Amino acid sequence: MAKPLPPLSLYIHTPWCVRKCPYCDFNSHEPDGELPEATYLKALLHDLDGDLALAAGRQIQTIFIGGGTPSLMSPTFFERLFNGIRRRLPFAPNIEITMEANPGTTEQARFTGYREAGINRLSLGIQSFQPAQLKALGRIHGGEEAITAVGQARAAGFDNINIDLMHGLPGQTPSLALDDIDQALALSPDHLSWYQLTLEPNTAFHSQPPVLPEEEALWDIQELGHQRLEQAGFERYEISAYAKPGKQSQHNLNYWQFGDYLGIGAGAHGKLTTIDPQGQWHIERRWKTRQPDAYLRRDNDPRGFVAGKQPIAADELPLEFSMNALRLTEGVAMHAWSAHTGQPQEALLARLHTAAKKGLLMEMPEKLRASPQGLLFLNELLAFISDE
Ligand SMILES: C[S@@+](CC[C@H](N)C(=O)[O-])C[C@H]1O[C@@H](n2cnc3c(N)ncnc32)[C@H](O)[C@@H]1O
Ligand SMILES: C[S@@+](CC[C@H](N)C(=O)[O-])C[C@H]1O[C@@H](n2cnc3c(N)ncnc32)[C@H](O)[C@@H]1O
Ligand code: SF4
């Protein structure tokens, strides 16, 4: 019997933001005028139609609406979108549906509408509570609005709330970073994503870098912040992701466990496995037209929305799989590594001998699991896996 396909998720991208943040390399754009909600809705469903043949007969386990700023779209937009998707693919009974929201774009009635439309997890991009850091990041909201947004979300019935915080910010000291964590914890989130600010190519911060904390302060922030979160009952399950028990993001877990996902919307990417009549797996990555205007025009184009696609070759699987799985603090069972990569466990063990000796790995041979040192130097660890 052929091995079962991995779980299927759906990523939906909305590409607009009130203002582009200087550190951000996501596919986000300031709109020219009114948001084209109706045409974007139509385009998203046609985009999904183009991917349906790859997902026929499968059920969607999780949906993640990212951006950009999805909270710029109205609740009706999502209600119609979910109705359209459900007509094409069934939803799992306990489906997790996350939406990202910017605290500068929220109001009570909207949150209630999002909840009623079926969104059951909210991810708020708070980043910091300090005026100086929010200003340096070019954010459109203050700390107070972030606190209000969490209250509005709870009042609307959201019982699964994530807060995104960033650290290593311009002018940030360890005590300011800890104060951000404390203020976030005081809001009792279910999940906290704690990202170190990175200077990404093609951003304003890359061409005009801000002054960042010294290396030593960055280490202190990392170490002290990690301790503070664990003391508060948050378990770190991925490099930057902390959750209360049972509140891990199912969508992100599926990515990291090398599950399948459809990606619709401007610049969205997807990964899909299909089985041929001989029972062989074929994995393909595909990505969609990136510029919002060009994406909308593609709706009338017989080439469709796909900007590119590429199969993942068998010899790329060890690295592709490990890049994701090793981000998880629990790592992955050796037999799962073998099942996903099609390689015998001995092949992996041989490659990892030196990495283990260098202290980058925790447990062998039952599990492939990075040590705390390995999580810090993930690229070094991955180099051992990709080296033939
Ligand atoms: C697409 S944005 C989230 C939603 C919303 N647009 C917002 O910013 O409020 C995803 C998250 O990635 C993080 N992020 C974006 N750029 C980053 C960077 N250069 N370094 C570290 N984290 C970054 C931020 O925490 C941000 O909330
Ligand atoms: C940056 S994470 C933010 C997670 C957030 N902190 C939370 O816990 O809700 C957003 C998710 O959207 C996915 N994602 C972002 N941009 C995407 C794109 N263009 N195509 C497909 N997936 C994308 C990421 O891989 C990830 O699963
Ligand atoms: S609001 Fe979010 S997606 Fe938009 S530019 Fe800022 S960080 Fe990027």
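Calculation criteria
Residues numbered from 1 in each chain as written. Chains lettered and ligands numbered in written order. Predicted model: local features only at pLDDT ≥ 70, side-chain atom pairs only at ≥ 80, totals over all residues. Helix = DSSP H or I, 4+ residues; strand = E, 2+ residues; numbered from the N terminus. Rg over C-alpha atoms; globule rule 2.2 N^0.38 Å. Buried ≥ 20, exposed ≤ 12 C-beta atoms within 10 Å, placed from the backbone. Contact = placed C-beta atoms within 7 Å. Near = placed C-beta within 6 Å. Nonpolar A, V, L, I, M, F, W, Y, C, P; charged D, E, K, R; others polar. Domains from an automatic or database assignment. Expected span 1.5 Å × (residues − 1). Bend = angle between axes of the 7 residues up to and from the residue. Pairing = 2+ DSSP bridges. pLDDT = per-residue confidence, 0-100. Core = buried A, V, L, I, M, F, W, Y, C linked by C-beta atoms within 7 Å. Arc of directions from axis to C-beta.

## Considering the overall build of the chain
So, point 1. Tallying secondary structure elements over the chain gives 15 helices and 14 strands in all.
So, point 2. The C-alpha atoms of the chain give 21 Å as radius of gyration, which agrees with the globular expectation for 388 residues (21 Å, within 12%).
So, point 3. By the burial criterion, 37% of the 388 residues in the chain qualify as buried.
So, point 4. Considering only intrachain contacts with a sequence separation of at least 6, the fraction spanning at least 24 residues in the chain is 72%.

## As for the site of ligand 3
So, point 1. Every residue near ligand 3 is listed here: C17, K20, C21, C24, F26, S28, G67, G68, T69, N102 and G125.
So, point 2. A class-by-class count of the residues in the shell around ligand 3 yields 4 nonpolar, 6 polar and 1 charged.

## Thoughts on the domain arrangement of the chain
So, point 1. According to the domain assignment, the chain contains domain 1 (8-254) and domain 2 (316-386).
So, point 2. On a C-alpha basis, the centroid separation for the pair domain 1 and domain 2 is 29 Å.
So, point 3. Taken together, the 4 residues of domain 1 in the interface contact 5 residues of domain 2.
So, point 4. Looking at side-chain class alone, the side of domain 1 that touches domain 2 contains 2 nonpolar, no polar and 2 charged residues.

## Points about helix α13 (residues 345-357)
Residue pairs three or four apart in sequence face the same way in an α-helix, which turns once every 3.6 residues.
So, point 1. Helix length check: α13 (13 residues) gives 18 Å between terminal C-alpha atoms against 18 Å at 1.5 Å per residue, within 8%.
So, point 2. Its axis deflected by about 40° at R351, α13 carries its strongest bend there.
So, point 3. Positive phi shows up at G359, right after α13, with a value of about 80°.

## Overview of the environment of H13
So, point 1. Note on placement: H13 falls in strand β1 (residues 8-14).
So, point 2. For the pair formed by H13 and T69, sequence separation is 56 residues and the distance between their alpha carbons is 9.0 Å.
So, point 3. For H13, the contacting residues outside a window of four places in its chain are N27, G66, G67, G68, G265, A266, G267 and A268.

## Some thoughts on the pairing of strand β7 (residues 235-238)
So, point 1. Judged from the 3 bridges that link them, β7 and strand β8 (residues 241-243) form a sheet pairing that is antiparallel. By the bridge assignment for β8, E238 is matched with A241.
So, point 2. Remark: 2 residues form the turn of the hairpin made by β7 and β8, two consecutive strands paired antiparallel.

## Overview of the site of ligand 2
So, point 1. The full set close to ligand 2 counts 18 residues, and Y11, S123, S193, G263 and A268 are the nearest of them.
So, point 2. When contributions to the shell around ligand 2 are tallied by element, the ones reaching two or more residues are β1, β2 (60-67), β5 (161-167), β6 (191-196) and α9 (250-256).
So, point 3. Of the residues forming the shell around ligand 2, the biggest block, 3 residues, is contributed by α9.
So, point 4. Of the residues contributing to the shell around ligand 2, the split by class is 4 nonpolar, 13 polar and 1 charged.

## With respect to the confidence of the model for the chain
So, point 1. Across the chain, the average pLDDT comes to 94, with 98% of residues at 70 or higher.
So, point 2. Our summary of model confidence lists the complex with pTM equal to 0.96 and ipTM equal to 0.97.

## A few points about the nonpolar core
So, point 1. Core analysis: the largest hydrophobic core is formed by 61 residues, its most contacted members being L122 and L124.
So, point 2. No other element matches the 5 residues that helix α1 (residues 37-55) contributes to this core.
So, point 3. Ignoring anything within four residues of it in the chain, the contact list for L122 reads M99, A101, A153, F158 and I161.
So, point 4. Judged by nonpolar contacts, the second largest core, of 15 residues, contains V332, W337, L348 and L360.

## Quick word on unusual backbone geometry
So, point 1. Residue G68 is reached from G67 by a cis peptide bond, and omega for that bond is 15°.
So, point 2. Examined against the element boundaries, G68 turns out to sit in the loop between β2 and α2 (75-88).
So, point 3. Residues other than glycine seldom take positive phi values, yet Q127 does so here, at roughly 70°.
So, point 4. Its place among the elements puts Q127 in strand β4 (residues 121-127).
So, point 5. With a phi close to 50°, S188 is a non-glycine residue in the positive phi region.
So, point 6. Along the chain, S188 turns up in the loop between α6 (174-185) and β6.
So, point 7. When the 12 C-beta atoms within 10 Å are taken as the criterion, S188 is described as exposed.

## Looking at helix α12 (residues 334-341)
So, point 1. Residues of α12 that are buried: W337, H340 and T341. Viewed along the axis of α12, the buried residues span an arc of 85°, placing them on a single side of the element.
So, point 2. The inward-facing, buried residues of α12 contact α11 (317-325), β13 (332-333), α13 and β14 (367-368).
So, point 3. Directly after α12, the chain includes G342, whose backbone phi takes a positive value near 70°.

## Details of the environment of N83
So, point 1. Topologically, N83 is positioned in helix α2.
So, point 2. When the C-alpha positions of N83 and A117 are compared, they lie 9.4 Å apart, and in sequence the two are 34 residues distant.

## Section: the pairing of strand β9 (residues 260-264)
Side-chain direction in a regular strand flips from residue to residue, so the side chains alternate between the two faces of the sheet.
So, point 1. Here β9 lies mainly inside the structure; 5 of its 5 residues are buried.
So, point 2. The alternating pattern of β9 places D260, L262 and I264 and Y261 and G263 on opposite faces, both of which are buried.
So, point 3. With 5 bridges joining them, β1 and β9 adopt parallel strand pairing. Note on β9: the bridge partner recorded for Y11 is G263.

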